[in-house]
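Summary of structural features
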Amino acid sequence: MKQNIYDIPGFFESYQRMRDKQHGLNAVLEQPAILALLPEVQGMSVLDLGCGAGELCRRISALGAKNVIGVDISSKMLELAASDIPAGVSFQHSAMEDLKFPVATFDLVVSSLAFHYVKDLKDLANNIYDWLKPGGFLLFSTEHPVSTCSQGIHHGWIKDSAGKKLYWPLDEYHLEGIRESHWFVKGVIKYHRGISTILNSLLEAGFIIKAVEEPVASEEDEKIWPELKEARRRPPFFIVKVSK
Ligand SMILES: C[S@@+](CC[C@H](N)C(=O)[O-])C[C@H]1O[C@@H](n2cnc3c(N)ncnc32)[C@H](O)[C@@H]1O
């Protein structure tokens, strides 16, 4: 099942409020780690899967990519992406699982925090391998398996009676598959996969692993926003760069 949760009223507004936070985890941990791992994009043809409001598409275009296609399942996210589209950037409304491109179309495929919505990562990895030119790169972030594995009452920080975060529970790590959670709204569907499954899906597709990261904030940012230190207790993101 392909869920389009970002178009559900209530979810969309809450998600935007979270993303607007200047020191949110995306802004301070995930995006800097993705940008640091980008190859030299000058002249590249790039595909962004689950592009949301298109910020990464714009960044990559500004860095000199020849063209960037952003794809998203959510029409509300694409409405945000549609304002002021730079030359060379275009957007497509589609589930990434349904895309078809000729073999060897792209130099780089990126995806920021969208692969945990995809049921069949092996299938997607095989498709991306085909769409990339030889020597091309796939760079993506996903919610960390430590974050996606536990369900129900075991999901999220366990706190003491005063609300202090004691620990992040880890359970059912090897029970891979669908997870339904309450994230702004009820019934948000994500897919949990262990680290070995994620990496083996890429290796079996034929990719070569170039970098694997579990980012934490810089010490300077942690001084300004101490809550960012929590990423050292529980990694929120898993980032992988592979090449064809
Ligand atoms: C956490 S947001 C990230 C958006 C953007 N990549 C960013 O970092 O700002 C996840 C995005 O993935 C999109 N998405 C979820 N499932 C998808 C699918 N099967 N195909 C394409 N896009 C999908 C959502 O609509 C949403 O815009």
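Here, the structure is the one placed above.
Residues numbered from 1 in each chain as written. Predicted model: local features only at pLDDT ≥ 70, side-chain atom pairs only at ≥ 80, totals over all residues.

Take the overall build of the protein next. On a plain count of helices and strands, the protein comes out with nine helices and eleven strands. Here the C-alpha coordinates of the protein stretch approximately 55 × 40 × 35 Å along the principal axes. A separation threshold of at least 6 residues defines the contact pool for the protein, and within that pool the share at least 24 residues apart is 64%. (Helix = DSSP H or I, 4+ residues; strand = E, 2+ residues; numbered from the N terminus. Contact = placed C-beta atoms within 7 Å.)

With that out of the way, let us pick up the sheet that holds strand 2 (residues 67-72). Backbone hydrogen bonds hold the strands of a sheet together, and the pairing may be parallel or antiparallel. Judged by pairing direction, the sheet is mixed, and its seven strands sit side by side in the order 3-2-1-4-5-11-10 without closing on themselves. On the outer flanks of this sheet lie strand 3 (89-93) and strand 10 (208-213), each paired with one strand and no other. On average, adjacent strands in this sheet sit at an angle of 15° to one another, irrespective of strand direction. In this fold helix 5 (residues 121-131) packs onto strand 1 (45-49), strand 4 (106-112) and strand 5 (132-143), with an angle of close to 145° to the strand it touches most, strand 5. (Pairing = 2+ DSSP bridges. Axes fitted to C-alpha atoms, helices over the stretch in contact; angles between N-to-C directions.)

Further remarks concern the site of the ligand. Near the ligand, the surroundings consist of 20 residues, among which Gly-50, Gly-52, Ser-74, Ser-112 and Tyr-117 are the closest. Where the shell around the ligand is concerned, the elements lending two or more residues are helix 3 (55-62) and strand 2. (Near = placed C-beta within 6 Å.)

Here we take up helix 2 (residues 25-37). If you check helix 2, its first and last C-alpha atoms are 17 Å apart, about what 13 residues at 1.5 Å a residue would give, namely 18 Å. Residue Gln-31 marks the point of greatest curvature in helix 2, where the axis turns by about 30°; the proline Pro-32 follows within four residues. The complete set of buried residues in helix 2 reads Val-28, Leu-29, Glu-30, Ile-34 and Leu-37. In this structure, the buried residues of helix 2 make contact with strand 4, strand 5, strand 10, helix 8 (219-224), helix 9 (230-233) and strand 11 (237-243). (Expected span 1.5 Å × (residues − 1). Bend = angle between axes of the 7 residues up to and from the residue. Buried ≥ 20, exposed ≤ 12 C-beta atoms within 10 Å, placed from the backbone.)

Turning our attention to the environment of Val-146. As for its placement among the helices and strands, Val-146 is situated in helix 6 (residues 145-148). On the basis of neighbour count, Val-146 is assigned to the partly exposed category, with 18 C-beta atoms found within 10 Å. Ignoring any residue separated from it by four or fewer positions in sequence, one finds Val-146 in contact with Leu-170, Arg-234 and Pro-235.

On to helix 3, then. For helix 3, the complete set of buried residues consists of Leu-56, Cys-57, Ile-60 and Ser-61. Along the long axis of helix 3, the arc covered by the buried residues comes to 135°, so they all point the same way. On its buried face, helix 3 is in contact with strand 1, strand 2, strand 3 and strand 4. Residue Gly-64 follows helix 3 closely and has a positive phi angle near 110°. (Arc of directions from axis to C-beta.)

Attention now goes to the nonpolar core. Counting 56 residues, the largest nonpolar core has Val-46, Leu-47, Leu-108, Val-109 and Leu-138 as the members making the most contacts within it. The contacts of Leu-108, once residues within four sequence positions are left out, are Pro-39, Val-41, Met-44, Val-46, Gly-136 and Phe-137. (Core = buried A, V, L, I, M, F, W, Y, C linked by C-beta atoms within 7 Å.)

Turning next to the packing of helix 5 against helix 7 (residues 195-205). Closest axis-to-axis distance for the helix 5/helix 7 pair is 9 Å, and the angle between their directions is 40°. Overall, the two elements helix 5 and helix 7 adopt an arrangement that is oblique. Here helix 5 and helix 7 pass one another in a crossing that is right-handed. Between helix 5 and helix 7, the residues in contact are Leu-121, Lys-122, Ala-125, Asn-126 and Tyr-129 and Ile-198, Ser-201, Leu-202, Glu-204 and Ala-205, respectively. Its residues placed into classes, the contact of helix 5 with helix 7 shows six nonpolar, two polar and two charged. (Parallel < 35°, antiparallel > 145°, perpendicular 65-115°, else oblique. Left-handed = near helix turned anticlockwise from the far one by under 90°. Nonpolar A, V, L, I, M, F, W, Y, C, P; charged D, E, K, R; others polar.)

Counting buried residues in strand 5 gives nine out of twelve residues, a clear majority hidden from the surface. Pairing of strand 4 with strand 5 involves six bridges; the strand directions are parallel. Residue pairing for strand 5: Ser-112 is matched across the bridge by Ser-141. The handedness of the strand 4 to strand 5 crossover, carried by helix 5, is right-handed. Of the pairings in the sheet, the one linking strand 5 to strand 11 comprises seven bridges and is antiparallel in character. Each bridged residue has a counterpart across the sheet, and for Phe-140 the counterpart in strand 11 is Val-240. (Right-handed = clockwise from strand over helix to strand, strands pointing away.)

Here we come to the pairing of strand 1. Of all five residues that make up strand 1, five are buried, and the element is covered over most of its length. The alternating pattern of strand 1 places Ser-45, Leu-47 and Leu-49 on one face and Val-46 and Asp-48 on the opposite face, and all of these are buried. Alignment of strand 1 against strand 2, held across five bridges, turns out to be parallel. Looking at strand 2, one finds that Val-46 is bridged to Val-68. In this view, the connection linking strand 1 to its parallel neighbour strand 2 by way of helix 3 has right-handed handedness. Bridge count between strand 1 and strand 4: three bridges; the pairing is parallel. Within strand 4, the position partnered with Val-46 by the bridge is Leu-108.

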